[in-house]
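# Examination of the molecular architecture
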Amino acid sequence: MTPPLDDILDRLHVVALPMRVRFRGITTRELALIDGPAGWGEFGAFLEYDDAEAAHWLASGLESAYVTPPSTRRDRIPINATVPAVPAAQVPEVLARFPGARTAKVKVAEPGQTLDDDVARVEAVRALMPTVRVDANGGWTVAQAVQAAQVLGPLEYIEQPCKTVEELAALRKRVDVPIAADESIRKASDPLNVVRAKAADIAVLKVAPLGGVSALLDIAEQIDIPVVISSALDSAVGIANGLLAAAALPELKHACGLGTGGLFVEDVAEPITANDGYLPVVPRTPDPARLQALAATPERRQWWIDRVKRCYRLMS
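Residues numbered from 1 in each chain as written. Predicted model: local features only at pLDDT ≥ 70, side-chain atom pairs only at ≥ 80, totals over all residues. Heavy atoms only, no water.

### Some remarks on the domain arrangement of the chain
- In terms of domains, the chain is made up of domain 1 (5–69 + 288–314) and domain 2 (76–280).
- Using only C-alpha atoms to locate each centre, domain 1 and domain 2 end up separated by 23 Å.
- In this complex, domain 1 contributes 28 residues to the contact, which on the side of domain 2 involves 32 residues.
- Summing both partners gives a buried area of about 2600 Å² for domain 1 against domain 2, and 60% of it is carried by carbon and sulfur.
- Looking at the side of domain 1 facing domain 2, the largest losses of area belong to Arg 20, Phe 23 and Arg 290, adding up to 26% of the total buried there.
- On inspection of domain 1 and its partner domain 2, the count reaches 2 salt bridges.
- Contributions of two or more residues to the side of domain 1 that touches domain 2 are made by strand 1 (12–23), strand 2 (26–36), strand 3 (39–43), helix 2 (51–66) and helix 12 (288–293).
- Counting residues per element, the side of domain 1 that touches domain 2 draws most heavily on strand 1, which supplies 8 residues.
- Of the residues in the side of domain 1 that touches domain 2, the class split is 17 nonpolar, 4 polar and 7 charged. (Domains from an automatic or database assignment. Contact = heavy atoms within 4.5 Å. Buried area = accessible area lost by both parts, 1.4 Å probe. Salt bridge = Lys/Arg side-chain N within 4 Å of Asp/Glu carboxyl O. Helix = DSSP H or I, 4+ residues; strand = E, 2+ residues; numbered from the N terminus. Nonpolar A, V, L, I, M, F, W, Y, C, P; charged D, E, K, R; others polar.)

### Concerning the environment of Leu 155
- Mapped onto the elements of the fold, Leu 155 is located in the loop between helix 5 (142–151) and strand 8 (158–159).
- A residue is classified by how much of its surface remains accessible, and Leu 155, at 13% relative accessible area, is buried.
- In sequence terms Leu 155 and Ala 54 are 101 residues apart; their C-alpha atoms lie 32 Å from each other.
- Those residues within four positions of Leu 155 in sequence are excluded, and the remaining contacts are Arg 126, Val 132, Val 134, Val 177 and Pro 178. (Buried < 20%, exposed > 50% of the residue type's maximum accessible area, 1.4 Å probe, protein only.)

### Observations regarding the sheet that holds strand 9 (residues 179–181)
- Pairing is parallel in the open sheet, where 7 strands are placed in the order 5-6-7-8-9-10-11. Edge positions in the sheet fall to strand 5 (81–83) and strand 11 (227–229), since each of these pairs with one other strand and no more.
- Pairing of strand 10 (residues 202–205) with strand 11, which is carried by 3 bridges, proceeds in the parallel orientation. Bridge pairing in strand 11 places Ala 203 opposite Val 227. (Pairing = 2+ DSSP bridges.)

### Re the UniProt feature "binding site: Mg(2+)" (unreviewed entry) in the chain
- Look at the UniProt record and you will see "binding site: Mg(2+)" (unreviewed entry) annotated at Asp 135, Glu 159 and Asp 182. Spanning 48 residues, the named residues nonetheless gather at one spot, since no C-alpha pair among them exceeds 9.3 Å.
- With respect to the helices and strands, Asp 135 occurs in strand 7 (residues 131–135).
- For Asp 135, a relative accessible area of 0% gives the class buried.
- Setting aside chain neighbours within four positions, we find Asp 135 in contact with Lys 105, Val 106, Lys 107, Val 108, Glu 159 and Gln 160.
- Relative to the assigned elements, Asp 182 resides in the loop between strand 9 and helix 7 (183–186).
- Residue contacts for Asp 182: discarding those within four places in its chain leaves Glu 159, Gln 160, Val 204 and Lys 206. (UniProt positions renumbered as here; feature names shortened; annotations may be inferred.)

### As for the nonpolar core
- Core analysis: the largest hydrophobic core is formed by 112 residues, its most contacted members being Phe 43 and Leu 205.
- It is helix 11 (residues 236–248) that contributes the most residues to this core, 9 residues altogether.
- Residues from two domains meet in this core; each of domain 1 (5–69 + 288–314) and domain 2 (76–280) gives at least three.
- Among all residues touching Phe 43, those that are not within four sequence positions of it are Leu 31, Ala 32, Ala 54, Trp 57, Leu 58, Trp 304, Arg 307, Val 308 and Cys 311.
- Among the nonpolar cores identified, the runner-up in size contains 5 residues, and Tyr 157, Ala 180, Ile 202 and Val 204 belong to it. (Core = buried A, V, L, I, M, F, W, Y, C linked by side-chain atoms within 4.5 Å.)

### Remarks on unusual backbone geometry
- Backbone geometry places Lys 198, a non-glycine residue, at a positive phi of 55°.
- Looking at the element boundaries, Lys 198 is found in the loop between helix 8 (193–196) and strand 10.

Spelled out as structure tokens, the structure:
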């Protein structure tokens, strides 16, 4: 049952987290946290998302705040380093924030950059880390993705190289590199279509966009390909829910993209330190002093309150 709107708003904290580098075109991450009876939930749909899409993120936050979490199968999760579309010279500094990680996910196909920029960044990462995967966020055509696969060197997989399921299926027939689907699952009205179309070798699943841990686990149960749990640029609260989902999976073959806390200058809780490339599966409770220090302006808080109200009506 959906909790009363008034109760949700009474428990709402809106924060603005400063970032170390530009990521997804932003340098400050705004999101709302919900101090619920079952734990802390996070509502952080990106600002450009419409209410229909953002409603899934609200459902996820409410589940974490009001519903008892599922049982888990493991108490620590391997994580990958996340490398934004930075110059190659900046790569060592970025990777230093992920001690013990053996896998790196590198952003590529950034607007305004070239394939040569991507190659230089990937080579700089490969010099320091044995396993590299790249994420194009749907930024390539099939022909561009084929060319990239030829010059980027050995890759664990290419995540969302093209926008559409049809393009992913066509690309998969033309390259030897495994293809992972992200947006084609989390932004789709039918998240299982990508598997039926034989368009991906790996499914990248994110808790918030899919509507919560239980919804993610339900999709993972129906997908007959390996699953990677990843962050949606979450705060410490959202990361903890991602770790919970990864810990509840029957099988986990790949490192997960849940080490993105290092992208923030400040977070709502003390960051969990990775040990030998693993993060422990533990709940995260925001520090009251941090919540106050990172609180969004009154105008931005009201913007998020209004958004919660609109998304809540869509959920109801």
